[in-house]
Structures are given as C-alpha cells and as structure tokens.
Amino acid sequence: LTSQIGQWSVVIAEALGGRDNATAAMKKPAALVAVAAVVAAASAAAVVSRRRLREATRWTQADAVLRDLEERCAVPAERLRLVADAMVTEMRAGLAAAAEDGSLLKMLVTYVDSLPSGEEKGLFYALDLGGTNFRVLRVQLGGKEQRIIKQESEGVSIPQHLMSRGSDELFDFIVATLAKFVASEGEGFHLPEGMQRQLGFTFSFPVKQTSVASGTLIKWTKGFAIDEMVGKDVVAELNKAIKRHGLHMKVTALVNDTVGTLAAGRYVDNDAIAAVILGTGTNAAYIEHAHEIPKWCGPLPKSGGMVINMEWGNFRSSHLPLTEFDRTLDAESLNPGEQIYEKLISGMYMGEVVRRVLLKMAQEASIFGDNVPQKLEIPYALSTLHMLMMHQDTTPDLNTVGIKLKEILGIESACQKTRKLVVDVCEIIAKRGARLAAAGIYGILKKLRRDTACPGEQRTVIAVDGGVYKYYTLFVQFMESTLRDLLGVEVASSVLIKLTEDGSGIGAAVLAASYSQCLPDYKLGFTS
C-alpha cells in the first residue's frame, strides 16, 4: 500500500507543477484523475488487506475448534482399557442386581440357554414387530451341509388407528397377514406332515422376559398407545390371535434383535459367543457362564450358559471422552442422563454431533460465509448416513462433500478448504465412536477371560449387525484395528468380527428351530 501511494505521489507532484501551484493545478484533469486513482488504489488495497486478515482469522478460529475437538475426543489405548474395566465392573453389578435399576447395565436374563447348533432342519417362521411396520419371514433350514436353503419375507405397514386401539385388533391384523403368508408357501418349503409350524417372535419394545417364550410388556414406544396391553404377556396375546384365526402355529421363542443376531451368527459358526448391534442404536448380548449370574434363582441350565442381553447403550463412565457438544446433545435429548454410550457410538447420534461442531465453526469462524446456514441450525438435519458419505469421499476435490452440503444444508459453494474441514470433523467423531465400540467388545472378552492367550488357540467370533457396521467402512476399520491393538497380535489372531445380517428375522427363526429341536447334550460353548 505504501509503495502504491508513493508512486501516485510522484504523478500528482508532476501534474500539480509543485506545491506553490497546488490550487491551480487541482483544476487540471490529470491531477484530479491522479488523486482519484490514489484514493481508489488505497481503498482497494485496504479492502483486500482486511479481507485477507479476516480470512486468516477465520481459519485460525476454525482450526482452534478442530484441534480442541480432536484433543477432547482422543481415546488412547490406556484410556480405552479403563473404559473396558469400567464396563466389566458394570456387567458384574448388573448380573448381581435383583432390580433392573440396580446398575447402569440391565444385564437381562433372556432365558435362552440353547443356541442353534447348525444341525437344525425344517421350515420355520419369524415375525418381526419393530415399529410401525412388521415383517413375516420363513426359512427352510438344511442343517450343517446346506444351512439356509431358501428364505422369503414380506413387509407390511400397520394402519395408524390400530396403534392405539385394542390388543385384539392389532394382533388380529398381524396374524391375518401371517396366515396369508403361510398360505402362499411354495416349492422349496417343506413341513413334515402332522408337524406344527414354529414361530420366532422379535418384539422390539421394552419387555420383562419371564421365559424363552413369554414376556410382559413394560411400556409402548414408537407411537403405540394400547394401554390395556401393558403388563400382559405379548406372546400369550399373539398365540390367542393365532388360535382365533385357526392357524396351526405356535410361538416358541421371544427375542430382541441382538439376541437374534447371536442366534443367527451361532447357526453358521459354532464359535460365536457374542453379538453387537451398531446401527441407529447399539446393544450387545453374549453367552455368560450360568454360575456367574448371582441374580439367577432357578436351577442352572444343562447347557452351562445363558444368553445375557446387556442393554449396553446405557453404559457411562468418567473415562468416556465427553465434549461440550455431547453434553448439550444429551441435555436436549428425550432421555437426558441416559444412553450415554449409545450417544457416542451409534448412528442416531454421531451425525448430530458433527452438525453441532460445524454449527459452532459457522458461528465463530464463518466457515460457510458471513451468514450461518439456517438448515445447519436444525437438530438432526445431518444424519450419520450423510456423515459417512462425506467422510468416505474419495474424489480429488471432495466433490461429494460439496454436493451433500448443498443438498442437506443448502450451502451453495464450499471451498476445498471448508470441505476438508468437514471431513476432518467426521473423522474425529467416527474414530472416537469406533474406538469406544472396540473398548466395549474388549470388555466382553475380558469378562469371559478371552482377552489373553490360552492353550489350544480358542477361536472367538463376534456377530455384528446394523447399518453403521454394514456401510461405514472407515468406522469398521478404526474399530477392528483398535480391538487388535487392545488384544495384542497373538490373541487378536483368534478373534473374528463377522457381519451377521437379519438377526431380527433369520435369527428369530433359527432360535425357534433351536427350541423345537434342541439337542439335550448340546452346549453353549463352555469348556469344563
């Protein structure tokens, strides 16, 4: 700027013919042009300078938010081991607590003490009631040689009015659909003559299970409001409707999707000992030594084991790396103070945490321009699906990130630097979630004493299902590499995480098979 003014001063001096003639010279066109040029140049230079300064300040502020986020989300191996230890402590407390509110982890006894052996054969059905839609499914099992020979399914929406009327009306509608589905059995499905059809029932609402095929409804969620059903046995109500429709079928297993995933995993691999759901929500189930369940009051099962539904989403610990974004998300949620672990690792919440971070950057560093995008201020406007698509963008200019920012948040043009910043935020949140998920799995292995090397190279399989695990490749890579680091090379070589799809469907069907054809000497996988 000084250089430019100096150059123009020479021009002015020449045009004016010296200071003594300044007044007269000002009347000369050349002088006026020169003065105007100096003013314009100085003004333009000042604007550019301010713009560059503002730009530099903006990126400094954005980088400061990013670095602080990275630091607060960091979970080194030592901290992960503390998280796993805290998980084990809560598992023990939950197994001992007589009341469901006696610990952070409910550690629900599922009464499933016999998982599929892989030898089950025949035709089995499943009913998956998980919300405003339900699904009926049938599978023809072929035993160890053929496993699943054939399967068919059909999904149906539940009319709105049936979600708040009587239980008979709801279950009559469901069973009418089931009866039509049974009537459509075609080639490839064979039921031995005189044999009753067996049904596995996946019921994804809060239930207090009283046996493998019974459980009372604690409360409705997801828009249902049939008050007369609360406190009743959901299997008994379904069986009544089946009888009213003259259907030769019986419910032999009541499961949730996590236990179903373990059953499905066990059907194809006898070394499956635990299951994890990483989807919209998160949960885990595993096979516990029956004698290590203090709250179990009945006779010990012959199998020696019992499947425990952990409900691990409600885990929390002082070792969990919570940020300001996590705390405000929790405070503004429908269940503040609850499901803290789930709010750090599941698909329902990771995208929302990213949105909150980007909102702060937009407010404090104007990363999307002078005005904060209105859509960025809408809670849950950015889903984990959007997050993973941006995070996994492999285009040279991060074009996918730009497209998604425009589609989702109405941001017309984000520069390359801004796009990279968005990817960095996604990376930090995904890596934290994945590493914490690995710590949870490590905690289960530690509880079962499978975290150290043992003679005979005992093989351990973890069945996993859910959209986060199926589609978020980078999340999975972070999780699996973290688990390897925690276990060490020798132990990690015998631990396998395996995608096991449709636990709520196939899992329920094979569990029904297991309880209709249970081999009396079959063990859940424990060694004496």
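Residues numbered from 1 in each chain as written. Predicted model: local features only at pLDDT ≥ 70, side-chain atom pairs only at ≥ 80, totals over all residues. Heavy atoms only, no water.

A. Main features of the nonpolar core. With 94 residues, the main nonpolar core has Leu278, Tyr286, Met310, Trp312, Leu358 and Met479 as its most contacted residues. Top element by residues in this core is helix H14 (residues 416–447). It accounts for 17 residues. Residues from two domains meet in this core; each of domain 1 (77–86 + 317–483) and domain 2 (102–310 + 501–515) gives at least three. Formed by 37 residues, the second largest nonpolar core is a distinct cluster that contains Leu129, Val156, Leu217 and Val234. (Core = buried A, V, L, I, M, F, W, Y, C linked by side-chain atoms within 4.5 Å. Buried < 20%, exposed > 50% of the residue type's maximum accessible area, 1.4 Å probe, protein only. Helix = DSSP H or I, 4+ residues; strand = E, 2+ residues; numbered from the N terminus. Domains from an automatic or database assignment.)

B. Summary view of the pattern of salt bridges. For the structure shown, the criterion picks out 29 salt bridges. With its nearest N and O atoms 3.0 Å apart, the salt bridge here joins Glu70 to Arg67. Here the residue Glu70 and the residue Arg67 both occupy positions in helix H3 (residues 29–73), the gap between them amounting to three residues, near one helical turn. With its nearest N and O atoms 2.9 Å apart, the salt bridge here joins Asp269 to Lys498. Of this pair, Asp269 sits in the loop between helix H8 (257–268) and strand S9 (272–278) while Lys498 sits in strand S13 (residues 495–499), and the two are 229 residues apart along the sequence. What makes Lys498 partly exposed here is its relative accessible area of 25%. Three or more residues are tied together by salt bridges with common partners; here these are Asp269, Asp271, Arg459 and Lys498. (Salt bridge = Lys/Arg side-chain N within 4 Å of Asp/Glu carboxyl O.)

C. Local environment of the environment of Leu105. Relative to the assigned elements, Leu105 resides in the loop between helix H4 (77–96) and strand S1 (108–109). Among the residues examined, Leu105 registers a relative accessible area of 0% and is labelled buried. Residues within four places of Leu105 in sequence aside, it is in contact with Met87, Glu90, Met91, Gly94, Met310, Glu311, Trp312 and Phe315. (Contact = heavy atoms within 4.5 Å.)

D. Fine view of the packing of aromatic side chains. Taken as a whole and assessed by the stated rule, the structure comprises 13 aromatic pairs. Between Phe134 and Phe173, the aromatic rings sit 6.2 Å apart at their centres with planes inclined by 85 degrees, giving edge-to-face as the arrangement. Residue Phe134 is located in strand S3 (residues 133–142), and its partner Phe173 is located in helix H6 (residues 167–183); the two are separated by 39 residues in the primary sequence. A ring pair is formed by Phe203 and Trp220, whose centres lie 6.0 Å apart and whose planes are at 70 degrees; its orientation type is edge-to-face. (Phe/Tyr/Trp six-rings, centres within 6.5 Å; stacked < 30°, edge-to-face > 60°.)

E. Just the packing of helix H11 (residues 350–365) against H14, in detail. Interhelical geometry of H11 versus H14 gives an angle of 140 degrees and a closest axis separation of 10 Å. With respect to H14, the element H11 is oriented oblique. Viewed along their axes, H11 and H14 form a crossing whose handedness is right-handed. Of the residues in H14, those touching H11 at Met350, Val353, Val354, Val357, Leu358 and Met361 are Leu421, Val422, Val425, Cys426, Ile429, Ala430 and Arg432. (Axes fitted to C-alpha atoms, helices over the stretch in contact; angles between N-to-C directions. Parallel < 35°, antiparallel > 145°, perpendicular 65-115°, else oblique. Left-handed = near helix turned anticlockwise from the far one by under 90°.)

F. Here's a closer look at the pairing of strand S2 (residues 121–129). Summarising burial for S2: eight of the nine residues are buried, a large majority. As defined by bridge partners, S2 adjoins S3 across nine bridges and the pair is classed as antiparallel. Considered in S3, the bridge of Leu129 is made with Phe134. Counted along the chain from S2 to the antiparallel partner S3, the turn is three residues long. Alignment of S2 against strand S5 (residues 197–203), held across five bridges, turns out to be parallel. For Ala126, the partnering residue across the bridge sits in S5 and is Gly200. (Pairing = 2+ DSSP bridges.)

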